[in-house]
Amino acid sequence: MTYQAVIDVGSHEISMSIAQLRQRKPPKLLERVQRTVPAGSDTYRDGFISEAVLRQIVETLSLFRLKLQEYPDCQILATATSAIREAQNRAFILDQIERASGIKVRILSNNEEVGYQLLALGECSEAFREAIKKPSLILGLAAGSIQLSIFEDSHLLTSQNLRMGSLRIRALLSELAVHSRDFNQLIREYVSGDLANYRKFEPRAAEVQNFIIHGSGAGLTHLRKLSGLPPTGECRLSRRDFSRVLAMLRSRSEQSLVMEEGISDENASLLLPMALLIDEVFDLCDLDDALLPDVSLENGLLMEAAQQFSGRRYLRDPREDLYAASVELARRYQTDRLHSEQVARISLELFDQTQRLHRLKEEDRVMLQIGALLHNVGKYISMQDDDIFSYQIIKSAVIPGVSDSKLEFLANLIYYHNGNFTRKPNLQKYLQDEDKLDLMKLLALLSMANALDASHSQKIQKCRLSRDEDGSYVLNLYSSEDIMLEMWTLERHKALFQDVFGVSLQAKYREIKA
């Protein structure tokens, strides 16, 4: 048997799921354990993780490692989110965790975190897959932040991260609690401020037909119980039942929740901030109920592990969200859609026909496609300095599933999309060394594809690359129109292709009779 353990070092809890990986089947969950460790309290309040919290993390992971001795040859994947990601001393923390517990923890970017959450929803919840066929608002709850995503026709339209999770709110506002006459109202005002901006930014949120709430941790489990719902499994939460629970939380002390409901001190203090967040989003979408899928970040990690183990196909390909998010970003910054799609099409044609030259992977092809779709987003801000603004837009964008290093790669691809490396500032210095050659290869293709739609008129109908007997390459350009501008522009941009791949290239016009 093949066992896989995934560990989520979260902002409020550390949890581990152990599953059996099977050929062409979803992973079979065998066991799940968790422990409350409020690492985010330190980070969100002080900016670093304390020695006391570090000891709790190490102790918990050491216990998890002992547990895994029950599963022979179990593979371990441990990830961390915002509590460690935002800590100023994260490098020291990760090193000490690995040395003391023997477990190497990888920090997920917010984009990766969103990608795994959407993967979990798409693979584990049929109700989610059905709901997003119609306009739907998805609220992802975490201790450090919330994620608001909008779907329609099964496609992701937009996703925004707001740094106001329940633990972060409690940590930031705790010093005001003793001075405030109405702490509940103070929390609501804090939450409403950011959501007011979101309402202006994304008016489609008020027009959705489905509201979906997901998140791991004890908070949602306690909310389910207080609402009379089962603690696990997929269910629906009515606005009426939720309002009743919210009124109860606002009127009762944390101590009464501990004594009468059996909720721990640590979790009791987070219920009201979480409930107020949910209430604000309920007001935003103005619906009568919400779907509560029973999924977590760990489900997404396990689904990816299962796919890598056996090649199992996803029920919902996560690359669809990657592509859809890019298309939406291009729309938001009002790029020339037809031009971007033409450049993307030609880029992919060139990529597929030069496989023997570049020897790149499928993920590089995806980066090329996204780079082509977004190469002009900066023109929304400045026609003259669009390259640097494009870079900054990409670095700030929510593109699900993309790591920080890949986001830097993509931003560089777009910054240098015309193949001009004399531009300043020099941003390649932020790339990992092994990525720089791959960047050059993709730029060789992207700069030529962009040149082949210099008129923004989509004149080139297809490109076919052939090789002459002397080893030189010929790019045959098929069109029924005059492509003199495209041919001239290509001549000015083909040098990078020739230098990177060590070949000569000439273009030939192949007329298509109308």
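Residues numbered from 1 in each chain as written. Predicted model: local features only at pLDDT ≥ 70, side-chain atom pairs only at ≥ 80, totals over all residues. Heavy atoms only, no water.

S.K.: I keep staring at the nonpolar core and nothing clicks. Help me out?
M.R.: For soluble globular proteins, nonpolar side chains are generally found buried alongside one another. Residues Ile 394, Leu 475, Leu 477 and Phe 497 are the most contacted members of the largest nonpolar core, which totals 59 residues. Counting residues per element, this core draws most heavily on helix H20 (residues 433–451), at eight residues. When neighbours within four sequence positions are excluded, Phe 497 is seen to be in contact with Thr 354, Leu 357, Ala 444, Leu 445, Met 448, Gly 502, Val 503 and Leu 505. Leu 141, Leu 162, Leu 223 and Leu 226 belong to the second largest nonpolar core, which has 48 residues in total. (Core = buried A, V, L, I, M, F, W, Y, C linked by side-chain atoms within 4.5 Å. Buried < 20%, exposed > 50% of the residue type's maximum accessible area, 1.4 Å probe, protein only. Helix = DSSP H or I, 4+ residues; strand = E, 2+ residues; numbered from the N terminus. Contact = heavy atoms within 4.5 Å.)

S.K.: Explanation requested: helix H21 (residues 484–493) in the structure shown.
M.R.: An α-helical turn contains 3.6 residues, so a residue and the one three or four places further along point in the same direction. Turning to H21, its buried residues number three or more, namely Glu 486, Thr 489 and Leu 490. Mapping the buried residues of H21 onto a view down its axis gives an arc of 105°, with all of them on the same face. Among the exposed residues of H21, those pointing more than 90 degrees away from its buried face are Met 484, Trp 488 and Arg 492. Tucked inside the fold, the buried residues of H21 contact H20, strand E13 (473–479) and strand E14 (505–511). (Arc of directions from axis to C-beta.)

S.K.: Even after reading the chapter, I still don't get the packing of aromatic side chains, so can you show me in this structure?
M.R.: The description of an aromatic ring pair uses the distance of the two centres, along with the angle that the planes make with each other. Here the structure, examined in full by the defined rule, presents eight aromatic pairs. For the pair Phe 211 and Phe 282, a centre-to-centre distance of 5.0 Å together with 75° between the ring planes defines the contact as edge-to-face. Taken together, the residues Phe 211 in strand E9 (residues 210–214) and Phe 282 in helix H12 (residues 265–285) connect sequence positions 71 residues apart. Residue classification places Phe 282 among the buried residues on the basis of a relative accessible area of 0%. The interplanar angle of 70° and the centroid separation of 6.1 Å between the aromatic rings of Tyr 391 and Tyr 415 together place this pair among those described as edge-to-face. (Phe/Tyr/Trp six-rings, centres within 6.5 Å; stacked < 30°, edge-to-face > 60°.)

S.K.: What exactly am I supposed to notice about the state of the cysteines here?
M.R.: Each disulfide is one covalent bond, formed between the sulfur atoms of two cysteines. Applying the stated criterion across every chain, the model contains zero disulfides. Between Cys 74, a cysteine without a disulfide, and Cys 124, which holds the nearest cysteine sulfur, the sulfur-to-sulfur distance is 18 Å. A relative accessible area of 14% means that Cys 74 is categorised as buried. (Disulfide = S-S within 2.5 Å.)

S.K.: Sorry if this is basic, but what is going on with the packing of helix H17 (residues 362–374) against H20 here?
M.R.: A packed helix pair is summarised by two numbers, namely the angle formed by the two axes and the spacing between the axes. Two numbers describe how H17 lies on H20: the axes approach to 11 Å, and their chain directions differ by 50°. With respect to H20, the axis of H17 lies oblique. As for the relative orientation of H17 and H20, their crossing is right-handed in sense. Each of Asp 364, Met 367, Leu 368 and Ala 372 in H17 lies in contact with H20, whose residues at this interface are Asp 438, Leu 442, Leu 445 and Leu 446. Counted by class, the contact of H17 with H20 contains six nonpolar, no polar and two charged residues. (Axes fitted to C-alpha atoms, helices over the stretch in contact; angles between N-to-C directions. Parallel < 35°, antiparallel > 145°, perpendicular 65-115°, else oblique. Left-handed = near helix turned anticlockwise from the far one by under 90°. Nonpolar A, V, L, I, M, F, W, Y, C, P; charged D, E, K, R; others polar.)

S.K.: Which parts of the structure should I look at to understand the side chain of His 214?
M.R.: In this fold, His 214 is placed in strand E9. For His 214, a relative accessible area of 5% translates into the label buried. When sequence neighbours within four positions are dropped, the list of residues in contact with His 214 reads Gln 117, Leu 121, Ile 138, Leu 139, Gly 140, Leu 141, Leu 220 and Val 295.

S.K.: Mind showing me how you'd approach the side chain of Asn 476 here?
M.R.: Residue position: Asn 476 is located in strand E13. Judged by relative accessible area, Asn 476 falls into the buried class, the value being 7%. Here Ser 466 takes part through its side chain, which lies 3.3 Å from a polar atom of the side chain of Asn 476. Reaching out from Asn 476, the side chain makes a polar contact with the side chain of Arg 510 at a distance of 2.8 Å. Dropping the residues within four chain positions of it, Asn 476 is found in contact with Lys 462, Cys 463, Arg 464, Ser 466, Lys 508 and Arg 510. (Polar contact = N/O pair within 3.5 Å; in protein donor to acceptor, adjacent residues only side chain to side chain.)

S.K.: Looking at this model, I keep getting lost on helix H9 (residues 218–226). Mind explaining?
M.R.: Listing the buried residues of H9 in full gives Ala 218, Leu 220, His 222, Leu 223, Arg 224 and Leu 226. Once H9 finishes, Gly 228 follows within two positions and takes phi at roughly 80°, a positive value.

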